[in-house]
Amino acid sequence: MSATVITITSGKGGVGKTTTTAAFGAALALRGKRVCVVDFDVGLRNLDLVLGIEKRVVYDFLHVANGQAKLGQALIRDKRIDNLYVLATSQTHEKDALTFEGVNRVMAELKEEFDYILCDSPAGIEHGAIMALYHADHAIVVCNPEVSSIRDADRILGFIASKSKRAEEGREPVQEHLLVTRFDPERVKQGEMLPLHDIQEILSAELLGVVPESKAVLKSSNAGVPASLDENTDAGRAYRDAVSRFLGEVRNPIRLPSAPALEMAEAEPRGFLRRLFRFA
Ligand SMILES: Nc1ncnc2c1ncn2[C@@H]1O[C@H](COP(=O)(O)OP(=O)(O)OP(=O)(O)O)[C@@H](O)[C@H]1O
Ligand SMILES: [Mg+2]
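In short, a report on the structure. (Residues numbered from 1 in each chain as written. Chains lettered and ligands numbered in written order. Predicted model: local features only at pLDDT ≥ 70, side-chain atom pairs only at ≥ 80, totals over all residues. Heavy atoms only, no water.)

1. What about the pairing of strand β1 (residues 4-9)?
Thought 1: Most of β1 sits inside the fold, with five of its six residues counted as buried.
Thought 2: Relative to strand β6 (residues 138-143), β1 runs parallel, the two being bridged by four bridges. When the bridges of β6 are listed, Thr9 appears paired with Val141. (Buried < 20%, exposed > 50% of the residue type's maximum accessible area, 1.4 Å probe, protein only. Helix = DSSP H or I, 4+ residues; strand = E, 2+ residues; numbered from the N terminus. Pairing = 2+ DSSP bridges.)

Next up, the structure:
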């Protein structure tokens, strides 16, 4: 077995990467894939919280990368979803604690065990983000419909194209996908957020999904439950749809959180944004 590596990244922080890693990973595992989600955000360590396994962490990614524990000692199996495993990270303040060789070794070992490895990256291009992107076969760039988020996502897309192992080895480039999260049609209508048209026009990556702003996401995060487990929420369905799209099962246009509101918003003149980006 040689796993496909999906790195969840963003330019700006706090856009929903960790939420997405947990939700997307859980939804993939529900589809029968063997999935491991790995926390590359050394120092912050919250993937374990979002998955509700924080009390079970004894050894973590750093211990394995530094040879202080075996992979089997650090991998935590989710109790709700078969096939879903978590490799948590450390709360050390040394953000550069992961070594290139250590990560290579762990990734090689994980690749033998799983179908998919999801890497939850820190934002931007700090050390942990570079580590998380290096092994990517696919990158899911998470952004919110805000100018600053889109602009930073654009920068990260350029970075992915040049810094991956695939680029280094002259292989097919990392496949880039875009996931818009915290989408609020009301705020788009009021001009406070960007319509999807604009986002897609600025960022050329394929749109995998649109996750609405939803109280259910916060609630499930606090309860340690991946947002995709509940099929009865908009966000849960959006994450499951994104997985179907990723697996190539769905090719029709993205189902929008609130179509009428969005159509209105998208009908508005879009010159403002383009000007903004052109002169940025
Ligand atoms: N669709 C959503 N609706 C409402 N809140 C959301 C949604 N997605 C994420 N959030 C909330 O946004 C906050 C940031 O999410 P998250 O921690 O996943 O972001 P991140 O990109 O991983 O942040 P960081 O860059 O700090 O690692 C959390 O409080 C989370 O619950
Ligand atoms: Mg995070």
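2. Quick notes on the site of ligand 1
Thought 1: In the vicinity of ligand 1, 17 residues are found, and the nearest of them are Gly14, Lys17, Thr18, Thr19 and Ser214.
Thought 2: Gly14 has a polar backbone atom sitting 2.9 Å from an oxygen atom of ligand 1.
Thought 3: The side chain of Arg182 places a nitrogen or oxygen atom 2.9 Å from an oxygen atom of ligand 1.
Thought 4: Taken by itself ligand 1 offers 640 Å² of open surface, and the protein chains cover 82% of this.
Thought 5: Counting only elements with at least two residues in the shell around ligand 1, the list comes to α1 (17-30), β8 (206-212) and α11 (215-223).
Thought 6: Taken together, the residues that form the shell around ligand 1 break down as six nonpolar, seven polar and four charged. (Near = heavy atom within 4 Å. Polar contact = N/O pair within 3.5 Å; in protein donor to acceptor, adjacent residues only side chain to side chain. Areas by Shrake-Rupley, 256 points an atom, 1.4 Å probe, with all protein chains shown as cover. Nonpolar A, V, L, I, M, F, W, Y, C, P; charged D, E, K, R; others polar.)

3. Structural notes on the environment of Gly236
Thought 1: Residue position: Gly236 is located in helix α12 (residues 234-246).
Thought 2: Placed 19 residues apart in sequence, Gly236 and Val217 show a C-alpha to C-alpha distance of 8.3 Å.
Thought 3: Beyond its immediate sequence surroundings of up to four residues, Gly236 is in contact with Ala227, Ser228 and Asp230. (Contact = heavy atoms within 4.5 Å.)

4. Thoughts on the nonpolar core
Thought 1: Counting 37 residues, the largest nonpolar core has Ile6, Phe24 and Leu118 as the members making the most contacts within it.
Thought 2: The dominant element in this core, judged by the number of residues it contributes, is α1, at seven residues. (Core = buried A, V, L, I, M, F, W, Y, C linked by side-chain atoms within 4.5 Å.)

5. Section: the environment of Ser148
Thought 1: Its place among the elements puts Ser148 in helix α7 (residues 147-163).
Thought 2: It is 9.0 Å that separates the C-alpha atoms of Ser148 and Gly11, two residues lying 137 residues apart in sequence.

6. Here we look at the side chain of Thr20
Thought 1: Of note, Thr20 is situated in helix α1.
Thought 2: Residues contacting Thr20, with those up to four places away along its chain left out, are Ile8, Gly25, Val142, Leu179, Thr181 and Tyr239.

7. Comments concerning the sheet that holds strand β3 (residues 76-77)
Thought 1: In space, the eight strands of this open sheet follow the order β3-β4-β2-β5-β1-β6-β7-β8, with mixed pairing throughout. Strands with a single pairing partner mark the edges of an open sheet, and in this sheet they are β3 and β8.
Thought 2: Of the pairings in the sheet, the one linking strand β7 (residues 175-183) to β8 comprises five bridges and is parallel in character. Bridge pairing in β8 places Leu178 opposite Leu207.
Thought 3: Those strands touched by helix α5 (residues 100-113) are β1, β2 (35-39), β4 (84-87) and β5 (116-120), and its axis lies near 145° from that of β5. (Axes fitted to C-alpha atoms, helices over the stretch in contact; angles between N-to-C directions.)

8. With respect to unusual backbone geometry
Thought 1: One non-glycine residue, Asn83, lies in the positive phi region at around 75°.
Thought 2: For Asn83, a relative accessible area of 21% corresponds to the partly exposed category.
Thought 3: Located in the positive-phi region is Arg182, a residue other than glycine, with phi close to 55°.
Thought 4: Mapping Arg182 onto the fold places it in strand β7.

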